[in-house]
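Breakdown of the fold
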Amino acid sequence: MKNYWLVIPKNKNLFHCPESFYLAINLTNTQEFQVNYLALRSFIEYFKNLITLTKSVLVANASTSIFLFAINLRYVPLVLVLRTIAYLKNGNLKIYYLMHEPFIEFRRGKYSKVIMIFLFNKLLGMVSNQVFLPSDNAVKRALHIVPSEKSFKVNLTFPSQRKQNLIKNLAQLESAWKFNKKFSFLGTFYNQENNPDGFVSFMNIACSIYGDQVDFVRAGRDLVGKVSYDTKRIIEFPGYLSQNGKSFLMGLSHFLVIPYLNNTQSGTVTEALAYGKLLIINDIESFKDIKDLDFTLVVDFSSPDSILNCLDKIFSMSFQEYEQRYWSAIEFFEKNHSESYLNQKLKNAQII
């Protein structure tokens, strides 16, 4: 019997990770394994689940696989205890860790935080059987943290959207297309490299030229500091954005504006593709695989001329062309970021 344990992250923005792994593993139709969610929020819950995992490791003729999806210091004693028990009792234990950011530069965070992330990733890289990295950029940045034989590139995955919902959503977008195009940024601005000023510049230029023909939505948190939005031009939903709220706003949006200057990967981009959103992005390393595809528009957010050129392309686009790009984005998502993609990747690596 194979037992797969998916540890639910404390960060709600990462819930899609265990959910997509759960769906991907269960696509393999067999009675030879069990897939379970695991939470480690309270001390009592942590202790009970440590006992549960210990029992799983000690079962004869069985294997235990634990999947970790976030940085959490509570994981350290957990994996060390289980590794020790498995070693002493010849238990079959495998640990898999999804490393979103191998390390961050000192200019991007507090010294203590940077050191903590580096040490945590270094330790998890040592005790894990394999480390999942979500982009080529992340693989490069992990070279001095994770042994090359343990590195395993796996694109970020999200649950697929139901086709009937996508068709219904497309009809709603068509009804608004001629009169009002909606642009959104949904997510968190963590630092200046997320480029909130680029989003504001794009919005201001679009509104000054096209007026009531455009709407802008900003939903999520601004951790970078006070960002100056013209409240007459933008609809704000500050604070944490629930999954239902995000799905609703994704459905209303024709375009997602992603002004990042530097990033190893972007969950916002991946999730947007699941909804067929057209993307307005910067030309950066992390977006090299999508920058030349028909559902992306590449912009230099520091250049008014580049923004104007992008807007000209949008307002000269017919809805038939938009629809073709909409389905192209969804097709790309299904091939590269869906649970079926993940299922095949895990099979190829003999993880499932």
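Residues numbered from 1 in each chain as written. Predicted model: local features only at pLDDT ≥ 70, side-chain atom pairs only at ≥ 80, totals over all residues. Heavy atoms only, no water.

**Brief notes about the layout of surface pockets**
Applicable threshold: With a 1 Å grid spanning the protein atoms alone, the term cavity applies to any set of points in which a 1.4 Å probe fits but cannot get out, the term pocket to an open set with protein on both sides within 12 Å along at least five of seven lines, and the term lining residue to any residue with an atom within 4 Å of a point. Grid points are joined across faces, edges and corners, and a volume is the space filled by probe spheres set on the points. Only DSSP runs of H or I reaching four residues or more are called helices, and only runs of E reaching two or more are called strands; each is numbered from the N terminus. Three categories are distinguished: nonpolar for Ala, Val, Leu, Ile, Met, Phe, Trp, Tyr, Cys and Pro, charged for Asp, Glu, Lys and Arg, and polar for the others, with Gly belonging to the last.
Space inside the second largest pocket adds up to approximately 370 Å³. Together, 22 residues line the second largest pocket, and P134, N155, S286, D289 and H337 are the ones closest to its centre. Elements that contribute at least two residues to the lining of the second largest pocket include exactly α5 (136–141), α9 (267–274) and α11 (319–336). In terms of residues, the lining of the second largest pocket owes the most to one element, α9, which gives three residues. Its residues placed into classes, the lining of the second largest pocket shows seven nonpolar, 10 polar and five charged.

**Looking at the pairing of strand β11 (residues 278–281)**
Rule in force here: Buried means the residue's accessible area, taken with a 1.4 Å probe over protein chains only, is under 20% of the maximum for its type, while exposed means over 50%, and partly exposed covers the values in between. At least two bridges found by DSSP between two strands are what make those strands a pair.
Residues L278 and I280 point to one face of β11 and L279 and I281 to the other, with burial holding for every one of them. Sheet topology note: the strand β10 (residues 255–258)/β11 ladder contains four bridges and is parallel. Note on β11: the bridge partner recorded for L256 is L279. The pairing of β11 with strand β12 (residues 296–298) spans three bridges and is parallel.

**What to know about the nonpolar core**
Using the following cut-off: Definition used in this section: a nonpolar core is a set of buried Ala, Val, Leu, Ile, Met, Phe, Trp, Tyr and Cys residues joined via side-chain atoms within 4.5 Å.
By size, the foremost hydrophobic cluster in this structure holds 60 residues, and its most contacted members are F183, F202, F216, F255, I280 and Y322. Element by element, the count of residues in this core is highest for helix α7 (residues 196–210), at eight residues.

**Notes on the state of the cysteines**
The following threshold applies: Whenever a pair of cysteine sulfur atoms sits within 2.5 Å, that pair is classed as a disulfide.
Counted under the stated rule, the structure contains zero disulfides. C310 provides the cysteine sulfur closest to C207, a residue in no disulfide bond, and the two sulfurs are 14 Å apart.

**Focus on the sheet that holds strand β5 (residues 130–133)**
The condition that has to hold: Comment: axis = line fitted to C-alpha atoms, over the contacting stretch for helices; angle = value between 0 and 180 degrees taken between N-to-C directions. We call two residues in contact whenever any of their non-hydrogen atoms come within 4.5 Å of each other.
Spatially, six strands are ordered β2-β1-β3-β4-β5-β6 in an open sheet, and the strand pairing comes out parallel. The sheet terminates laterally at β2 (33–38) and β6 (151–153), the two strands that pair on one side only. Each adjacent strand pair in this sheet contributes to an overall mean axis angle of 20°, direction not counted. With three bridges connecting them, β5 and β6 associate as parallel partners. Paired with L133 across the strands is K153, a residue of β6. Contacting β1 (2–7), β2, β3 (63–68) and β4 (92–98), helix α2 (residues 43–58) runs over the sheet at an angle of about 155° to β1.

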